[in-house]
Amino acid sequence: MAAPCSPKSIFNRPIIPSSSASSSPSPSLPSFLRPPNPSLLSLRLTRFHFPDIIPTALKTVQSHDTHPHKLDHVASDSETKPTILVSEKLGDAGLSLLRTFGNVDCSYDLSPDQLCDKISSCDALIVRSGTKVTRQVFEAGKGRLKVVGRAGVGIDNVDLQAATEFGCLVVNAPTANTVAAAEHGIALLVAMARNVAQADASVKAGKWQRNKYVGVSLVGKTLAVLGFGKVGSEVARRAKGLGMQVIAHDPYAPVDRARALGVDLVSFDAAISTADFISLHMPLTPDTSKMFNDDTFSTMKKGVRIINVARGGVIDEDALVRALDAGIVAQAALDVFTNEPPPEGDKLVRHENVIATPHLGASTKEAQEGVAIEIAEAVVGALKGELSATAVNAPMVAPDVLTELAPYVVLAEKLGRMAVQLVAGGQGSGVKSVKVVYRSGRAPDDLDTRLLRAMVTKGIIEPISASFVNLVNADFTAKQKGLRITEERVTVDSSPEFPIHSIQVKISNVGSKFASAVSENGEISVEGRVKYGEPHLTSVGSFEVDVSLEGNLILCRQVDQPGMIGQVGNILGERNINVSFMSVGRTVRRKQAIMAIGVDEEPDKVALRKIGDVANIEEFVFLNL
Ligand SMILES: NC(=O)c1ccc[n+]([C@@H]2O[C@H](COP(=O)([O-])OP(=O)(O)OC[C@H]3O[C@@H](n4cnc5c(N)ncnc54)[C@H](O)[C@@H]3O)[C@@H](O)[C@H]2O)c1
Ligand SMILES: O=C(O)[C@H](O)COP(=O)(O)O
């Protein structure tokens, strides 16, 4: 039953000659964690990571700042908080944490249609393994659903491809239930070997069948752990304690970790053909689906016993029934099934040599509290615009790297936006090939550019399409649009104290509506740096300029002669358009110059036409940043 539970100046700065400004970010650069201006930072974080993740509360504050007349409606707390739907039982500590941040709606046992109906008004969804988060859910949540939190490890019930396409972050809670799952695996191992479940049922039925329930010993027997990850290695550790010989197969596990536990890593074939007991601990993926089938059962040691606390789908369940009937598999202990719950009368579940539990591996009080806190922290962090260490479909970027890259992230997006608006023909016509060049005093290997590439991608795609781009879907969206983004890291002689000296965005094989933006080799090129902690444009085509990338920008190419700045300034002043920053760059004295003018307001058509009519203005373009 669904039940709600409680839950920036006319020339206000000197015209900066292109050579005189400091080229390094200010040492008092605002960090992600201690910003000098929290609301500005929130906006940036939002644009930076997940543009629409900004809590409604912050949006309200910003609109009030800009439009004081809108203050007559003060949104209530519940209107401004994000809505978090929890569709399966979650530990209290996690719920409490979520309630400090958002409106929490605990609605359990929703049908797929009910979930789709509800999701359109939710910012986040928290699930366990019982909720299928399908493409339809992401379609229904489009525009609002920002994060899906999986309170546990397995994400096979979440359509990750759809999540990525819709720019929805998926986070999980990968560590808090490891021990619980391992303990359950051991519980099933021991219970199966000693027929505990069958014997218990028999006693309760009034029988006393001591000869029927003679078991097998574990000591000295070989246990093959398939999937030597977190749970698998904890199972191995415990099985060693029971006196078992433990071997393991995992194509990706480090030999050292196995060796440290006294476990031999072997091939798949060796593992399944020599083991007396096989315990499954791999994720369900297209590669592992039904990896235990008629063929693999046929190569197992006759009388093998199988424990599965991973995912039902790694076993072909019909084949397991056949292997049980044929005596190849003596017993199976299963916590997980292809369909949960399994259909009534399911042959596998009812098999006398099978013991079954209803997906209880993670179900200890301790694990559930831990998982709830782990997922609540990850979801709240994501809603605040932070990147999660447990992001499943986005690059994980260490907090210190994030802090360092913050101002460059803003620069990257603005350069992308500028570059694409310089393309001739509108709507970024024909933009197929973009190159991002990072100049840095650091070694190329010491530079994580995934975030910056995503932001250049966002800057390029968003002005020319209805797509919303963030770190999650940037690469996917670029690929969908046939946009090839390549990167080059160039080591320059600059202080390695700062991660990046400059970022250059180049678009090739297109014409430009502002010919001066085309460099000698035919590419539209814009380059920028972070100065005083703010993004600055430092070159356009072959011209050097120096202007803060804030608000909107007018680029003019004119004959380098006295009076040009004044004429354009007058036109803007007459129309009450505030100039925030300005810079002039030229190649040869008294030949041609470029004027880059930052304006707070968008000039109207008349103002733009008047600028175009000024004698000796050869070309100009207005860019929305
Ligand atoms: N029953 C439960 O309640 C319960 C609880 C926790 C975890 N689980 C499940 O247990 C499994 C393991 O969880 P984990 O936390 O240890 O994950 P993990 O990612 O730490 O470990 C999984 C391991 O499987 C390995 N692997 C991948 N493909 C493989 C293959 N083809 N053959 C062998 N190994 C392969 C990986 O290299 C990795 O080391 C997952 O399926 C998870 O969903 C179930
Ligand atoms: O993958 C997991 O974490 C486990 O299967 C636990 O699933 P649950 O949260 O539905 O118990």
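Everything numeric here is computed off the predicted structure, so don't read it as measured data.

Student: So what exactly am I meant to see when it comes to the overall build of the protein here?
Tutor: When helices and strands are counted, the protein shows 21 helices and 22 strands. Each of the 625 residues in the protein was classed as buried or not, and the buried ones make up 52%. Working note: accessible area of the protein is about 27,900 Å², and carbon and sulfur atoms make up 52% of it.

Student: Mind showing me how you'd approach the sheet that holds strand β22 (residues 617–624) here?
Tutor: Strand pairing within a sheet occurs via backbone hydrogen bonds; the two strands may be parallel or antiparallel. Read from one edge of the open sheet, four strands run β20-β21-β19-β22, paired in antiparallel fashion. Looking at the sheet topology across the chains shown, the edges are occupied by β20 (579–586) and β22. This sheet shows a mean twist of 15° between the axes of neighbouring strands, independent of strand direction. The sheet contact formed by β20 and strand β21 (residues 592–599) spans seven bridges and is antiparallel. Across the sheet, the residue bridging to G585 is I594, located in β21. Each of β19 (552–559), β20, β21 and β22 touches helix α20 (residues 564–574); the most contacted strand, β21, lies at about 25° to it. Those strands touched by helix α21 (residues 605–613) are β19 and β22, and its axis lies near 150° from that of β22.

Student: So what exactly am I meant to see when it comes to the side chain of S525 here?
Tutor: Considering the arrangement of structural elements, one finds S525 in strand β16 (residues 524–531). Within polar-contact distance, the side chain of S525 engages the side chain of Q504 at 2.9 Å. Once residues within four sequence positions are removed from consideration, S525 is found in contact with Q504, V505, K506, A517, S519, S539, V540 and G541.

Student: So what exactly am I meant to see when it comes to unusual backbone geometry here?
Tutor: Excluding glycine, most residues fall at negative phi; most peptide bonds, likewise, are trans. Of the consecutive residues E340 and P341, the connecting peptide bond is found in the cis state with omega at -5°. By the secondary structure assignment, P341 is in the loop between β11 (329–334) and α15 (347–350). Of note in the backbone geometry, K290 takes a positive phi value of approximately 50° without being a glycine. Residue position: K290 is located in the loop between β9 (277–280) and α13 (294–298). A positive phi angle, near 50°, is found at Y532, a position not held by glycine. As for its placement among the helices and strands, Y532 is situated in the loop between β16 and β17 (534–540). On the basis of relative accessibility, which here comes to 43%, the residue Y532 falls in the partly exposed class.

Student: Help me understand the site of ligand 2 in this model?
Tutor: In the vicinity of ligand 2, the residues found are R128, S129, R150, A151, G152, V153, G154, N177, R311, H359 and A362. Within the contact set of ligand 2, an oxygen atom lies 3.5 Å away from a backbone nitrogen or oxygen of A151. G154 has a polar backbone atom sitting 2.7 Å from an oxygen atom of ligand 2. Contact with the protein chains removes 91% of the 320 Å² of surface that ligand 2 exposes when unbound. For the shell around ligand 2, the per-class residue count stands at three nonpolar, five polar and three charged.

Student: Just checking my understanding: could you explain the nonpolar core for this structure?
Tutor: Nonpolar side chains in soluble globular proteins tend to be buried together. Residues I503, L537, L553 and L555 are the most contacted members of the largest nonpolar core, which totals 56 residues. Looking at this core element by element, the count peaks at ten residues for helix α17 (residues 399–421). Contact partners of L537, with chain neighbours within four places excluded, come to L415, M418, V526, E527, G528, V545, D546, V547, L549, L553 and L555.

Student: Which parts of the structure should I look at to understand helix α14 (residues 317–325)?
Tutor: Since the α-helix turns once every 3.6 residues, residues separated by three or four places project in the same direction. Listing the buried residues of α14 in full gives E317, A319, L320, V321, A323 and L324. Its side-chain oxygen 3.2 Å from the backbone nitrogen of D318, D316 forms the N-cap of α14. Positioned one or two residues after α14, G327 has a phi angle of 80°, which is positive.

Student: How should the packing of aromatic side chains be read in this particular structure?
Tutor: To describe a pair of aromatic rings, one takes the distance between the centres and the angle between the planes. What the rule picks out here adds up to one aromatic pair. Relative to F292, the ring of F268 has its centre 5.9 Å away and its plane inclined at 45°; by these criteria the two rings are tilted. Placement of the pair is F268 in helix α12 (residues 268–274) and F292 in the loop between β9 and α13, with a sequence separation of 24 residues. Classification of F292 by relative accessible area gives buried; the value is 2%.

Student: Just to check I follow, could you spell out the site of ligand 1 for this structure?
Tutor: What surrounds ligand 1 is a group of 26 residues, the closest being K230, V231, D250, V309 and D335. Interatomic distance of 2.6 Å between a side-chain N/O atom of D250 and an oxygen atom of ligand 1. The fraction of the free accessible surface of ligand 1 (850 Å²) that becomes covered by protein chains is 86%. Residues of the shell around ligand 1, tallied by class, amount to 13 nonpolar, nine polar and four charged.

Student: Is there a simple way to explain the environment of N624 in this structure?
Tutor: Looking at the element boundaries, N624 is found in strand β22. On the basis of relative accessible area, N624 is assigned to the partly exposed category, the value being 31%. On a C-alpha basis, the gap between N624 and K414 in space is 9.4 Å, while along the polypeptide they are 210 residues apart. Excluding anything up to four places from it in sequence, N624 contacts R417, Q421, N552 and E602.

Student: Can you help me understand the UniProt feature "domain: ACT" (unreviewed entry) in the protein in this one?
Tutor: Here, UniProt's "domain: ACT" (unreviewed entry) annotation points to residues 553–625. Taken end to end, residues 553–625 is 27% helix and 42% strand, and its first and last C-alpha atoms sit 7 Å apart.

Student: Help me out: how do you make sense of the packing of helix α4 (residues 92–99) against helix α16 (residues 365–383) in this one?
Tutor: A pair of packed helices is captured by two measures, namely the crossing angle of their axes and the spacing between those axes. Where α4 contacts α16, the axes come no closer than 7 Å and their chain directions differ by 20°. Between α4 and α16, the angle falls in the class roughly parallel. Where α4 crosses over α16, the two elements pack in a sense that is right-handed. Along its contact with α4, which presents D92, A93, G94, L97 and L98, the element α16 presents E369, A372, I373, A376, E377, V379 and V380. The residue inventory of the contact of α4 with α16, partitioned by class, reads eight nonpolar, one polar and three charged.

Student: Would you explain the sheet that holds strand β2 (residues 103–106) in this entry?
Tutor: Reading across the sheet, the five strands line up as β2-β1-β3-β4-β5 and stay open at both edges, with parallel pairing between neighbours. If you trace the sheet from one side to the other, it starts and ends with β2 and β5 (169–172), each paired once. The sheet shows a mean angle of 20° between the axes of neighbouring strands, taken without regard to direction. Alignment of strand β4 (residues 147–150) against β5, held across four bridges, turns out to be parallel. Each residue of the ladder has a partner; that of V148, found in β5, is V170.

Student: Where do I start with the environment of E369 in this structure?
Tutor: Its location among the elements puts E369 in helix α16. Accessibility expressed as a relative area gives 32% for E369, which makes it partly exposed. Spatially, the C-alpha atom of E369 lies 25 Å from that of L284, the residues being 85 residues apart in sequence. When residues no more than four places from it in sequence are discounted, the contact partners of E369 are G91, D92 and A93.

What counts and how
- Residues numbered from 1 in each chain as written.
- Chains lettered and ligands numbered in written order.
- Predicted model: local features only at pLDDT ≥ 70, side-chain atom pairs only at ≥ 80, totals over all residues.
- Heavy atoms only, no water.
- Helix = DSSP H or I, 4+ residues; strand = E, 2+ residues; numbered from the N terminus.
- Buried < 20%, exposed > 50% of the residue type's maximum accessible area, 1.4 Å probe, protein only.
- Areas by Shrake-Rupley, 256 points an atom, 1.4 Å probe, with all protein chains shown as cover.
- Pairing = 2+ DSSP bridges.
- Axes fitted to C-alpha atoms, helices over the stretch in contact; angles between N-to-C directions.
- Contact = heavy atoms within 4.5 Å.
- Polar contact = N/O pair within 3.5 Å; in protein donor to acceptor, adjacent residues only side chain to side chain.
- Near = heavy atom within 4 Å.
- Nonpolar A, V, L, I, M, F, W, Y, C, P; charged D, E, K, R; others polar.
- Core = buried A, V, L, I, M, F, W, Y, C linked by side-chain atoms within 4.5 Å.
- Phe/Tyr/Trp six-rings, centres within 6.5 Å; stacked < 30°, edge-to-face > 60°.
- UniProt positions renumbered as here; feature names shortened; annotations may be inferred.
- Parallel < 35°, antiparallel > 145°, perpendicular 65-115°, else oblique.
- Left-handed = near helix turned anticlockwise from the far one by under 90°.

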